[in-house]
Amino acid sequence: MDIAAIMKANNKDTLTSGEIRQYFDLAAQLSEEIRGKFPLEEALKFKRFARELILHSQSAHNEKNIPESLLTLNTALLFGKAVEPDKNILTAIGLYPFLKEGLTDIMAIRKEWGEDIAGLLTGLESVDRFSNKNHLVNQENFRGLLLSLADDIRVIIIMIVRNLALMRMINLHPDEDWVRDVAFEANFLYAQLAHRLGLYKIKSELEDLSLKYTNREIYNQIAKKLNATKRERDSYIKSFIDPVKEKLEGAGLKFDIKGRTKSISSIWAKMKKQKVDLPGIYDLFAIRVIIDTPVEKEKSDCWLAYSILADMYTANPARMRDWITIPKSNGYESLHATVLGPEAKWVEVQFRTKRMDLVAEKGLAAHWRYKGVRSDSTDQWMNNIRDILESAESGPMQLMKDMRQEGYGKEVFAFTPKGDLFRLPAEATVLDFAFLIHSNVGAHCTGAIINGQHRKITHRIENGDTVEILTSSSQSPKKDWLNIVVSSKARNKIKQSLNEELIRKANLGKELLIRRAKNRKIEIDEASLMKFISKSGYKHANDFYAEIADGKIDPNKFLANYSEETKPKTEATRVSAEGFQYQEKPSDQEDDTEIIKIGEKNISGLNFKFAKCCNPIYGDEVFGFVSSDGTVKIHRTDCPNAGHIRQRYPYRIINAAWSGGSGDMLPATLKITGKDDIGIVANITSVISKESGVNLRNISVDSNDGMFQGLLVVAVSDNKKLSNLIKKLSTVKGVKDIQRV
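A. Representation of the sheet that holds strand β11 (residues 467–471) within the structure. Reading across from one edge, β10-β9-β11 is the order of the three strands in this open sheet, with antiparallel pairing throughout. Each edge of the open sheet carries a strand with a single partner, namely β10 (453–455) and β11. Direction aside, neighbouring strands of the sheet carry axes that sit 30° apart on average. Relative to β11, strand β9 (residues 445–450) runs antiparallel, the two sharing five bridges. Each residue of the ladder has a partner; that of C445, found in β11, is T471. Sheet strands in contact with helix α19 (residues 430–437) are β9 and β11, and its direction is about 100° off that of β9.

Encoded structure:
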């Protein structure tokens, strides 16, 4: 039932008796669904709770007018059909609205329903604390939501099914922007979680509905074309299946064979990737052979069926996929083959047993039905998902990309010299393999011996490789390692190590600065120091202190500038530019060491420094401002403070110009905004590193809702080089705007 139809007909908060009767019908369906799973007494108790919920929830709608009772009951019904009708999970789903509306509490639930159900409800309550907020924007809320999901795999399954129930209910919802937000989250989060759990059917429906709500035109076009070609497609499938069926029956196999059309979202993805229209997609459908055989004969019967097919049609070895010998990390088992069928068309055929098919349809949850199946698959999945979630500090957009890539990516398998088998994501490198073995091995990795040959840390692992990691005690993680690894675990461990090293250096640098300040008898105020560090172009104080430890910043020079900047200014001291004595130099004694000429004539012996508010560089139009201690501060003429200075202190303005040619490297700050694509920061820094006469001093980037904004501090010798750098950075794909600040 679609609540949108009700909302479209009646834009109101209360429910009619007819609508309440529809909810009663759903409650009855739920009771029928769980009757075989519950003892009779508990089933009746649950039904009584369901009826009470309906009576109490006539006005219980969320902020988008979705009745909580209907969403709850639909979630429970869908869970029982699409996943597994587990007693405790269904009970927790049904009881949660009572907890949410304050009709009961955890203590009462624990007493009446038991510890396990109370634990599930506690997990759902934890998730709800974050999901009520805009976690796609607020990074901490997003991370909190995902980490709370990861506490119990059943909570994840409930949230996936609840999201699908919600997606089914909002087809005609009047708030289109909200529908798109829900669809975006379903596609980038819950569909990926469903994939990692092996819930392929739910994952496909979430992706299809997401495409429907975000691009109805494309969705309807593909659906219409599929419908128009259905008769032709069914005829071809029958012509392919009939002779195969006859051969398999002749071999004494018990099986079901059927054809299925691929999901609309996967067809659209192929159309975009291959840049073809629907007729150009050769694998619009797949044939599935489901064999009824005991567990001990599963592999042999699947390979027997494949050999029969390969005798009938030419197989494409490049598209052979064996997930029976080594299942996927989410438990998926199947043997995929692509053969050249009638009319010279490529056809994908999948061989699996009834047990494998149930796991493929209902994911890891299907393992609950079977005894003797290895129990570590669920634990392995949870470890994998936690590895991804631990990288959440990279931001929600990047995390979603990681989730999608690792969810859909193919896998490779490699061995240690002792014969231990490891599973890695596609394109994994030697460095990924090292961190998979152990964090310390990864941190000290210098390369590997693969199949007897020495390889660098950047070498890509291939299926069947035997990998021996080489290490050195002098090796340590580098920032560019983040561009080498592809796994979330390796990326997270590298970030942790780099952060620990940064903190260590920062502590040394801070101690050095404080010691120098005491020697010079300079009092440091923490608040003013932080403000001055920020004005110097550093987003984080640790970056500043680390540069002191590395010798990139002279602490004595910094303290002199800090002391000058924080010195109290008094209006009583009036310093005029007219107070200086001009000493004209002989024309044949031009001083090439002076980079600034001050006044109408060149002034010698005059101290000057560049203003931090505008950071002038060679070639900028500049002027001088005489400070109270006699030092001339050089400002750009377009400095944001120039208007104020000229208006209030005109008597302290002095002409200034550049002398000689460019030479000194001076800092300039650039503000850059763009699309938050994978690798864009690496592309930006790569452009800067290739520019002669330009050095990157500092970079800070924030991402939000698919966009990023950052500040780059570069040292350049003149403004021509800076202009050329800005032009090149503006051509980087994804960069929308860049300007000097």
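B. Here's a closer look at the pairing of strand β15 (residues 632–636). Summarising burial for β15: five of the five residues are buried, a large majority. Covered by surrounding structure in β15 are V632, I634 and R636 together with K633 and H635, the residues of both alternating faces. Two elements, strand β13 (residues 608–610) and β15, share three bridges in a ladder whose sense is parallel. Across the sheet, F610 pairs through a bridge with I634, a residue of β15. In the sheet, strand β14 (residues 622–626) pairs with β15 via five bridges, with the strands oriented antiparallel.

C. Looking closely at the nonpolar core. In this structure, F79, L121, I160, M167, I202 and L206 are the most contacted members of the largest nonpolar core, which totals 54 residues. Elements with a contribution of two residues or more to this core: α4 (68–82), α5 (87–100), α6 (106–113), α7 (115–131), α9 (153–169), α10 (176–196) and α11 (200–214). Here this core gets 13 residues from one element, more than from any other, and that element is α9. Not counting residues within four places of it along the chain, the set of residues in contact with I202 comprises A82, V83, I160, V161, L164 and A194. Formed by 36 residues, the second largest nonpolar core is a distinct cluster that contains I218, I222, I237 and V339.

D. Focus on the packing of helix α21 (residues 488–519) against helix α24 (residues 555–566). One can describe the packing of α21 onto α24 by two numbers: an axis separation of 10 Å at closest approach and a directional angle of 65°. Both α21 and α24 take part in a crossing whose hand is right-handed. Here L512, L513, R516 and A517 of α21 come into contact with α24, specifically with P555, N556, F558 and L559. Here the residues of the contact of α21 with α24 are counted per class, giving six nonpolar, one polar and one charged.

Thresholds, definitions, all that
- Residue numbers restart at each chain and count upward from 1, following the sequence in its written direction.
- Local features are withheld for residues below a pLDDT of 70 in this predicted model, meaning they are given only at 70 or higher, and side-chain atom pairs are given and counted only at 80 or more; totals for whole chains, interfaces and linings count all residues.
- Calculation of side-chain values draws on the structure's entire complement of heavy atoms; hydrogens and water are dropped beforehand.
- At least two DSSP bridges between two strands are needed for those strands to be called paired.
- Going along the chain from the N terminus, every DSSP run of H or I of four or more residues is numbered as a helix, and every run of E of two or more is numbered as a strand.
- In this analysis, axes come from line fits to C-alpha atoms, helices being fitted only over the stretch in contact, and the angle between any two N-to-C directions falls in the range 0 to 180 degrees.
- We call two residues contacting when some pair of their heavy atoms lies within 4.5 Å.
- Throughout, exposure labels follow a simple rule: accessible area from a 1.4 Å probe, protein chains only, divided by the maximum for the residue type, with under 20% read as buried, over 50% as exposed, and the rest as partly exposed.
- For the purposes of this section, nonpolar cores are sets of buried Ala, Val, Leu, Ile, Met, Phe, Trp, Tyr and Cys residues that join through side-chain atoms within 4.5 Å.
- In this scheme the crossing of two helices becomes right-handed for a clockwise turn of the near helix relative to the far one and left-handed for an anticlockwise turn of less than a right angle.
- Charged means Asp, Glu, Lys or Arg here, nonpolar means Ala, Val, Leu, Ile, Met, Phe, Trp, Tyr, Cys or Pro, and polar covers whatever is left, Gly included.

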